[in-house]
Amino acid sequence: MLLEVKNIHKSYGSTEILHGISFSVQSGRAMGFLGRNGAGKSTTIRCMMDVFRPNSGEFLLDGKPFKTEDYRIGYLPEERGMYSKNKVLSQLVYFARLRGGGKEESIKSAKEWISFFELDEYANKPLETLSKGNQQKIQIAQAFVNDPDILILDEPFSGLDPINAQLFKDVISEFVSRGKLLIFSSHQMNYVEEVCDDICLIHQGNILLTGSLDNIKRNMGEGKMLLETENMDSKATTEMLCAAFPDMECELYNDALILDTKGKYSQNQLLEFILDKSLNIVRFGMYTPNLNDIFISLAGGDTK
Amino acid sequence: MRNWKLVFEYELKTLLSKKSTIIPTIIIALIIFGVFNIPRFAGLFSSGDTEKEYNPMQEIVEDVGYVFEDSETGAKIKAALQLPDENIYENRDELVNSISDGENELGFVVLAPTKFESIWQDRDLENMAETTFSNLLQGIHAGTMLAEKGISLKEVNAIQNIQVEYTTTIMGKDTSINLLIAFLLLFVVYMIVILYGNVTATLIAREKDSRTMELLITSTKPTSLILGKVCASAVSAILQVAVIGLAGYLGFILNKDLLPDFIIDALSGTLTKEYIITYIYFSVVGYTLYLFLYASLGSMVSKVEDVSSATAPVVFLFLIGYIVSSFSMSAPNSNLVMIVSLIPFTSVMLMPFRTAIATVPTWQYLLSGGLLLVTTILLAFLSIKIYRQGTLNYGNKRGIVHAIKAAFNKE
């Protein structure tokens, strides 16, 4: 499946929130949908889910107009909420059926998810009797319970302990490996890096960046190199390198140096020099910025 | 719309499984059933004596002593009451002693044909012996006076007690009897609308407050959600009323023979086919109308605590109907009452009430019923739009005018 978002404009009153955004999501490749608070992520998702109608633009699935009722969609919103006074199993079944699941199938699936999170004893108890962490698991279960074709997760890892977070990562990987379509929105960049193959960065209602995460990192590295040596004296090393390679810029980065050769020197030339100087290399290679750096460099400049 | 039934089933199941629904229903049903059984239980608690006819003369014969200072009157009293000799004492002191000894509870000293003294050990509040004895003396004295004029007491009684016969023909309704039941049933609608209206508005506001709305609105269409919720509330209320009504009906059937005539008259006078049909139609459709209104108001607020202030105007609207109903008792066909009974929001109460106490022209039924139905349908559409707009609008509470304007704006 290929979900295409094409030139979506959306205004509330006279204020335009989305200024013609376009990106695509490929099934089997988890897509990280990133942006600062108020960037337009929730509006995009709500338009996609047909809660709001966009002023213009279209959502296409495999080239045809995307109709939510034709697909099973799982959704985990950032601000979680289920019926606190209703029983866990009955409301999971309810949400599964609302999203297109059959009765028997929904009951079976709800029970399986409750068992998966080892919450069987709470199946027939009101949600409010569960701890906050366990309520979080039920929230996650409701997103998966209708066996969705398309899954939209907004901040899915918030509130999960490391063991449950790992468990959940495995569930997501398994879901994507079955050729399903996943849109993953989060501010926890480490999780996005671990889970997502592609990213899309939205800022003030515009798409700043979209594509394969690996390619983006490579491009954002701009041909720079990263060097870390044992017991490195960064100042001395910088001076030594700059003397040997005029015009090269060195920048300290987490106990290592980012070397910007401006295309004048090759990786092999640098390596030969380092070996010649008998420095013990800990890390040396092409520099790829992490997602956090990319996010800050692209979306952090304007604090509006 | 495909999920309408699912929402309906889930909401109805949730409502009916709530303790706050079950317990009051059972309690009210038991009370209603109990009320009809009062005559049966009243029989159990009273002593067997009540079966006998009450005889006021007993109070001035049993354990009552007499002293007759006027012997002529004394003889007449003795004959009238068939007093045994042991009840008659020679003088006041003997009588007082007999009372002090507990032989008698009360003593009468007859001083003259229309003058006596009563002597008590203890006098209880309900004892009417003095009045009864006084009446007896009055009767005997009147008999003596009439006899002197050659007229017998029987003849006088016959003249005084001539009965005037009359028959009543009521062409329309007997207001005096029907008011009680009509008011009671009006109150039922009032309570149901206010209670369930608030329940519905609170449920929706809570869904927004707890952000469950975010899941619901992305799972199904707002139309399915609001229709499912309103229908579930409507059916739940109808079931509650049906259970209470059934309890009342059973109580009535089981105790029909024991109930006082005025209750039977009031029930049979009010619960005519015409009234029942009017009541059911206006209550059900009107109740649905109010539920849609409450649902849209509930979706306009973001916090549960704002529900009561948001729904206050509806309570006010409903109260107008209730107050006009009270005024309509004296003039059920006046212009004001007629107009208010045609307006959809107040016809809910006024039409059944007028049907109970007056004859309403057919065209008014049709016009009022039609207006109510059309308004309910229009309001349903409007409330779906307000709900759709309101559900995801968190933040400040919006006024109804703003909400309606926003509902018709292009999203």
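### What about the overall build of chain A?
Broken down by element type, chain A carries 10 helices and 14 strands. Across its three principal directions, the C-alpha atoms of chain A cover 75 × 45 × 35 Å. Going through the 304 residues of chain A one by one, you find that 49% of them count as buried. The long-range fraction of contacts in chain A, counting pairs at least 24 apart against all pairs at least 6 apart in sequence, stands at 68%. Surface accessibility of chain A: about 14,200 Å² in total, with carbon and sulfur atoms responsible for 46%. Mean positive and mean negative side-chain charge positions of chain A (33 and 42 charges, respectively) differ by 8 Å.

### Topic: the domain arrangement of chain A
All names here are of chain A. Looking at the assigned domains, one finds that chain A contains domain 1 (2-71 + 149-215), domain 2 (87-145) and domain 3 (224-286). Here the C-alpha centroids of domain 1 and domain 2 sit 24 Å apart. Between domain 1 and domain 2 lies a buried interface of about 810 Å² when both sides are counted; carbon and sulfur atoms form 77% of it. Scanning the region where domain 1 abuts domain 2 turns up 1 residue pair in polar contact (both at pLDDT 80 or more). Elements with a minimum of two residues in the side of domain 1 that touches domain 2: strand E7 (150-154) and helix H5 (162-177). If you tally residues by element for the side of domain 1 that touches domain 2, the top one is H5, at 6 residues. Residue classes in the side of domain 1 that touches domain 2 are distributed as 9 nonpolar, 3 polar and no charged.

### Section: the state of the cysteines
Residues and elements named next belong to chain A. By the definition in use, this model includes 0 disulfides over all chains. Here Cys196 stays free of any disulfide, with the sulfur of Cys200 as its closest cysteine sulfur at 11 Å. The class of Cys196 is buried, set by a relative accessible area of 6%. Of the cysteine sulfurs around Cys242, a residue in no disulfide, the closest is that of Cys250, at 4.0 Å. For Cys242, a relative accessible area of 29% gives the class partly exposed.

### A word on the interface of chain B and chain A
Listed by partner, the interface residues are 26 residues for chain B and 28 residues for chain A. Summed over the shared surface of chain B and chain A, the result is 2 salt bridges. Notably, a salt bridge pairs B:Lys221 with A:Asp50, separated by 2.6 Å at the nearest N-O pair. Run the count over chain B and chain A and you get 8 residue pairs in polar contact (both at pLDDT 80 or more). Looking at the side of chain B that touches chain A, the elements that each hand over two or more residues are helix H1 (4-16) and helix H9 (212-219) of chain B.

### A few points about helix H4 (residues 132-144) of chain A
Here H4(A) contains 13 residues, and its C-alpha end-to-end distance of 19 Å stays within 8% of the 18 Å for a straight helix at 1.5 Å per residue. Counting buried positions along H4(A) gives 10 out of 13 residues, so the element sits mostly inside the fold. Along H4(A), the positions that sit buried rather than exposed are A:Asn134, A:Gln136, A:Lys137, A:Ile138, A:Gln139, A:Ile140, A:Ala141, A:Gln142, A:Ala143 and A:Phe144. Check the buried side of H4(A) and you find it contacts strand E6 (73-76), helix H2 (88-98), helix H3 (103-116), E7 and H5 of chain A together with H9 of chain B.

### Regarding the domain arrangement of chain B
Here chain B is described as being made up of domain 1 (58-160) and domain 2 (177-409). For domain 1 of chain B versus domain 2 of chain B, the distance between C-alpha centres works out to 66 Å.

### Quick look at the packing of aromatic side chains
As enumerated under the stated definition, the model contains 33 aromatic pairs over all chains in all. Geometrically, the ring pair formed by B:Tyr66 and B:Phe108 is tilted, given 5.7 Å between the ring centres and 35 degrees between the ring planes. Of this pair, B:Tyr66 sits in strand E1 (residues 64-68) while B:Phe108 sits in strand E3 (residues 106-112), and the two are 42 residues apart along the sequence. Like B:Phe108, B:Tyr66 is buried. Between B:Phe187 and B:Tyr190, the aromatic rings sit 6.2 Å apart at their centres with planes inclined by 25 degrees, giving stacked as the arrangement. In this pair, B:Phe187 and B:Tyr190 are both assigned in helix H8 (residues 175-209), 3 residues apart and thus about one turn of the helix distant. Judged by relative accessible area, which is 14%, B:Tyr190 ranks as buried. Put simply, the rings of A:Trp113, A:Phe116, A:Phe117, A:Phe144, A:Phe157, A:Phe168, A:Phe175, A:Phe184 and A:Tyr191 touch in pairs and so form one group of aromatic residues.

### Description of the environment of A:Pro148
All names here are of chain A. Inspection of the secondary structure puts Pro148 in the loop between H4 and E7. Exposure remark for Pro148: the relative accessible area of 1% places this residue in the buried category. Once residues within four sequence positions are removed from consideration, Pro148 is found in contact with Arg72, Ile73, Gly74, Ala143, Phe175 and Lys180.

### Looking at the sheet that holds E6(A)
Residue and element names in this part refer to chain A. If you walk across this open sheet you meet the 6 strands as E6-E7-E8-E3-E9-E10, and the pairing is mixed. Single-partner strands in this sheet number two, and they are E6 and strand E10 (206-212). In this sheet, neighbouring strand axes are inclined to one another by 15 degrees on average, regardless of whether the strands run parallel or antiparallel. Taken together, the 4 bridges between E6 and E7 define a ladder with parallel strand orientation. Note that in E7 the partner of Gly74 across the bridge is Leu151. Its contacts with the sheet put H5 on E7 and strand E8 (181-185), and the angle it makes with E8 is roughly 145 degrees. Across the sheet, helix H7 (residues 213-221) touches strand E9 (198-203) and E10, and the angle it forms with E10 is around 110 degrees.

### Quick word on the packing of helix H13 (residues 307-327) of chain B against helix H15 (residues 344-357) of chain B
Residues and elements named next belong to chain B. Relative orientation of the contacting elements H13 and H15 amounts to 20 degrees, with a least axis distance of 8 Å. When the interaxial angle is binned, H13 and H15 end up roughly parallel. Relative to H15, H13 is oriented so that their crossing is right-handed. For the pair H13 and H15, contact is made by Leu317, Phe318, Ile320, Gly321, Tyr322, Val324 and Ser325 and by Phe345, Thr346, Met349, Leu350 and Phe353, respectively. Across the contact of H13 with H15, the residue classes tally to 9 nonpolar, 3 polar and no charged.

Calculation notes
Residues numbered from 1 in each chain as written. Chains lettered and ligands numbered in written order. Predicted model: local features only at pLDDT ≥ 70, side-chain atom pairs only at ≥ 80, totals over all residues. Heavy atoms only, no water. Helix = DSSP H or I, 4+ residues; strand = E, 2+ residues; numbered from the N terminus. Buried < 20%, exposed > 50% of the residue type's maximum accessible area, 1.4 Å probe, protein only. Contact = heavy atoms within 4.5 Å. Areas by Shrake-Rupley, 256 points an atom, 1.4 Å probe, with all protein chains shown as cover. Lys, Arg positive; Asp, Glu negative; His and termini not counted. Charge placed at Lys NZ, Arg CZ, Asp CG, Glu CD. Domains from an automatic or database assignment. Buried area = accessible area lost by both parts, 1.4 Å probe. Polar contact = N/O pair within 3.5 Å; in protein donor to acceptor, adjacent residues only side chain to side chain. Nonpolar A, V, L, I, M, F, W, Y, C, P; charged D, E, K, R; others polar. Disulfide = S-S within 2.5 Å. Salt bridge = Lys/Arg side-chain N within 4 Å of Asp/Glu carboxyl O. Expected span 1.5 Å × (residues − 1). Phe/Tyr/Trp six-rings, centres within 6.5 Å; stacked < 30°, edge-to-face > 60°. Pairing = 2+ DSSP bridges. Axes fitted to C-alpha atoms, helices over the stretch in contact; angles between N-to-C directions. Parallel < 35°, antiparallel > 145°, perpendicular 65-115°, else oblique. Left-handed = near helix turned anticlockwise from the far one by under 90°.

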